[in-house]
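Survey of secondary and tertiary structure
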Amino acid sequence: MGPTRAQFIQYAPAALAVVPLVVGPWSALAAAAAGAGAWAVNVSAPVLRSLIGCGLTATGCGIAAHEVLAAGGNPLITLGLAVPAGAAALAHHRNIVGHTPALVPAGAGAGGGLTSQEQLITAWWKEFISGPTQTEDRKLIQAGANLEHLALEADDDHVSFTGIITLPQGQQVRVRAADIAAVYQIPVSQVDLGDPKHYAPNALPVTVQLKVPAAQPQIAAGTPTTPEEVWAAYVAVPEGAMPGTTLTVTRYDGPLDWEGIATRDRRAIGTVNLQDLAGNLNLETIQIALAPGDKPSQMGVRVMREHALMHGTMLSSVVDELSMDSRGYIRAGTYVDGQAALLPLAQPGSGARHLYLVGGSRSGKSGLLEQILLSAHRSGIAVVLASPQAGTIAGASLSAYLGDGLDEAMGALRLAYAMMLDREARYRSPAFPFTDPLVLVVIDEAHMLLSASSPYHLEAKAIVEQLTRRSLKRGIGVVLATQTPLAEDLGNSTVIRSQLLIGGGAVFLRCAKGQGSLVGANAVEGAEGIDLSVIPSQWPGQYAKVADRDMSGLATKAPAAPEDGTFGLGYLLTPGSQAVQFRSLHLDVPPVSLTGGERPVGIEDCDAWRERDAITQAPMVDKRGKNLIGSLTDLLAAAQGAPSSQEPAAYPNPAGLHVVTGPARSGRAPAASDGQELIKPRILELLREQSIPMTAETIARKLGTSAKNIKPRLSELKKRDEVTNENGLWRAA
């Protein structure tokens, strides 16, 4: 590899000063060769002149020295002639100070012709920023914005220049820091423009750091670097997440990819706050997974760079694991360590199990519910499905009874409660397994029934509290799904949450920001410190993937891949354990397609099931929303007195007005005529009789008419102060 330009220019004069003393007259040829070489490498004019002068001086001294030696003269005279040659070399060195060739920026052509840094900086400025010329395919950033008063600072690891961007009087500098950074191909942070408020509009100072020293990580003496050292310094200390523990690393593939076992000497570790642990290790919560072991004094720890569950587990690959095993568990997904994540639906010798499911929109909650419906079907478990938001569960056809819509979902809750009372009457001495099938009461979007704004708040809350308390030993489990873990989603009932967690497992998926914290009033034992809102909606790198646009048309049949989002990623909490990170199965095939076309598992023939049409229409609380019916006999009596699905409802007419009735339609009350005085008394009587707030659509449905006939009448009644409206819910004044 030959010498660089800088080396050639600096060391050629020294060669010219020495070579003539040896080769004599031939040194003229050496000087000529050096000059030709300097011209060939495109040195600047000042440097070329200095080099020629140095060559002539050294050549003359070399010829004279040769003649003296040839004539037999004193060698000391020859040595004296070397002094002018050395002086010429020293003068050349002084002449090239400030003219050291620059490193050509990335993208510069091989024939740029400029070696001086100042000239190169100016050339690039004129080429792309100020002009004076611009071509059709290259637009100048601001024509005429010249760089004046250029000053260069350079050393071994730092090169920068300063100058003033100037324009004729009356014009304003429009060159931006990003423009300059793009020209010299450096980060914008290395360009500093003066504040226009402090300078003239047509003159703006600029400082550009062309080369900055590489930032070297400084590790202070004693600073922890290995996982064991970091653990001892931040986690095991008294204020750490796991005080008094020691870490033994079992696998290490880098600071963001390792596994280990935390041990506390003969003491239980207890519950661990994941948020605190992530803070101690300076990581995101999603990068840490804990795996409780058999010993309470040990806890498995895993730190991940790329999440182990990113590629998911296909539903079709574990079909044989979807049925309930002899312990009452089904396959719900995969833990972060690759083990099967199991969920209990029953407990041998005892009865059914509950499940508490939390997940916001696009978290994978509906997919997990479909998976549970399929597992129940394959395990011979009957399902009563209450879905207040109609049409959201694709596997609803697998249920024995479907309450689709707000009113119908309330009816499904009434039926489930009646089934529990019926079994209590028949099973005086419960024995497992029952001759009747296990039943799962699946309540999707439970907050629509239980929250204080629901028209069925009090009745639904009373029924679900009793179901979660009393139904397990009767072979009836409750699967309750809400969008957040907030108490108001459960009707502010501590009974419901505690009974769900005591009687089974819990699944926590991603929630909206500010609604997923499992601390404070929403704390769940075994899941302390988890914030569901920090679960990302997409994997790292997904935004770059989305940026690659495909304009070939909408792919209507393109299957979703597990990497397309974090659907189903969350935490699984089973009785007596710590919440462990897992991901539900990826629905690569519709769960319904795996049923083989079999009919849904049916509920046994009993009084509650035979009278289901009347039961689902009969409110089970009094007008104050209290005193829930407590026996099957009273419930059937109340159902027989309520409007059935075969007869029109009869409403008193206190005003003595003539009401025109027609044939019953779909089990609803006959439609009234359009006369407003015929509808208003019926609205008032309905609100007073039911004693619960209702939406205008619910009132219209119960009266067998349309909402557009009801809403104007409600407004008129409100003006008379006969009804009130709060958040869209109407009640009698």
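**Side note on the nonpolar core**
In terms of nonpolar packing, the biggest core is built from 105 residues, with Trp-231, Ile-443, Leu-480, Phe-508 and Ile-699 touching the most fellow members. Leave out the neighbours within four places in its chain, and Ile-443 touches Ala-386, Leu-413, Leu-449, Val-464, Val-478, Val-479, Leu-480 and Ala-481. Counting 37 residues, the second largest nonpolar core, distinct from the first, contains Tyr-335, Leu-369, Ile-372 and Leu-572.

**Re the confidence of the model for the protein**
Note: predicted coordinates in regions of low pLDDT should not be interpreted at a detailed level. For the protein, per-residue confidence averages 80 on the pLDDT scale, and residues scoring 70 or more make up 78% of the total. Considering each helix and strand of the protein separately, the mean pLDDT is smallest for helix α1 (residues 5-23), with a value of 49, and largest for strand β16 (residues 439-443), with 97. Here residues 1-10 is a poorly scored stretch, pLDDT under 50, and it has 17 contacts once near neighbours within four places are set aside; other chains count. Of the regions scoring below 50 in pLDDT, residues 98-115 engages in 36 contacts with residues more than four places distant in sequence or in other chains.

**Observations regarding a negative patch on the surface**
Taken together, the side chains of Glu-153, Asp-155, Asp-156 and Asp-157 present a region of like negative charge at the surface. Structurally, Glu-153 is set in strand β1 (residues 146-154). According to the relative accessible area criterion, Glu-153 is exposed, its value standing at 52%.

**Describing the pairing of strand β6 (residues 258-264)**
Of the two faces of β6, only the one carrying Trp-258, Gly-260, Ala-262 and Arg-264 is buried; Glu-259, Ile-261 and Thr-263 on the other face are not. Two strands pair when backbone bridges link them, and strand β5 (residues 245-252) and β6 are joined in this way by seven bridges, in the antiparallel orientation. Looking at β6, one finds that Tyr-252 is bridged to Trp-258. Count of turn residues in the β5/β6 antiparallel hairpin: five residues, of which Gly-254 carries a positive phi of about 130 degrees. Note: β6 against strand β8 (residues 298-303), six bridges, orientation antiparallel. Looking across to β8, one finds that Gly-260 is bridged to Val-301.

**Structural notes on the sheet that holds strand β10 (residues 340-344)**
Spatially, the 10 strands line up as an open sheet ordered β10-β9-β20-β19-β18-β13-β17-β16-β14-β15, and their pairing is mixed. The two strands at the open ends of the sheet, each matched to only one other strand, are β10 and β15 (401-404). Adjacent strand axes in the sheet meet at a mean angle of 25 degrees when their direction is disregarded. Strand direction decides the pairing type here: strand β14 (residues 382-387) and β15, joined by four bridges, are parallel. Paired with Ala-386 across the bridge in β15 is Gly-403. In this fold helix α9 (residues 365-378) packs onto β9 (329-335), β10, β13 (354-358), β14, β16, β17 (476-482), β18 (504-509) and β20 (580-584), with an angle of close to 145 degrees to the strand it touches most, β9. In this fold helix α12 (residues 457-470) packs onto β13, β16 and β17, with an angle of close to 130 degrees to the strand it touches most, β17.

**Digging into the sheet that holds strand β3 (residues 191-193)**
The four strands lie next to each other as β1-β2-β4-β3, forming an open sheet whose pairing is antiparallel. One side of each edge strand has no neighbouring strand; the edge strands of this open sheet are β1 and β3. Adjacent strand axes in the sheet meet at a mean angle of 15 degrees, parallel and antiparallel pairs treated alike. Sheet topology places strand β2 (residues 159-166) next to strand β4 (residues 203-211); eight bridges connect them, and they run antiparallel. Across the sheet, the residue bridging to Gly-163 is Val-206, located in β4. Strand contacts of helix α5 (residues 117-130): β1, β2 and β4, with the helix running at about 145 degrees to β1, the strand carrying the most contacts. The strands touched by helix α6 (residues 177-184) are β2, β3 and β4; relative to β3, the strand with the most contacts, the crossing angle is about 145 degrees.

So, how was this worked out
Residues numbered from 1 in each chain as written. Predicted model: local features only at pLDDT ≥ 70, side-chain atom pairs only at ≥ 80, totals over all residues. Heavy atoms only, no water. Core = buried A, V, L, I, M, F, W, Y, C linked by side-chain atoms within 4.5 Å. Buried < 20%, exposed > 50% of the residue type's maximum accessible area, 1.4 Å probe, protein only. Contact = heavy atoms within 4.5 Å. pLDDT = per-residue confidence, 0-100. Helix = DSSP H or I, 4+ residues; strand = E, 2+ residues; numbered from the N terminus. Patch = residues over 30% accessible without salt bridge, like charges linked within 9 Å, V, L, I, M, F, W, Y side chains within 5 Å. Areas by Shrake-Rupley, 256 points an atom, 1.4 Å probe, with all protein chains shown as cover. Salt bridge = Lys/Arg side-chain N within 4 Å of Asp/Glu carboxyl O. Lys, Arg positive; Asp, Glu negative; His and termini not counted. Charge placed at Lys NZ, Arg CZ, Asp CG, Glu CD. Pairing = 2+ DSSP bridges. Axes fitted to C-alpha atoms, helices over the stretch in contact; angles between N-to-C directions.

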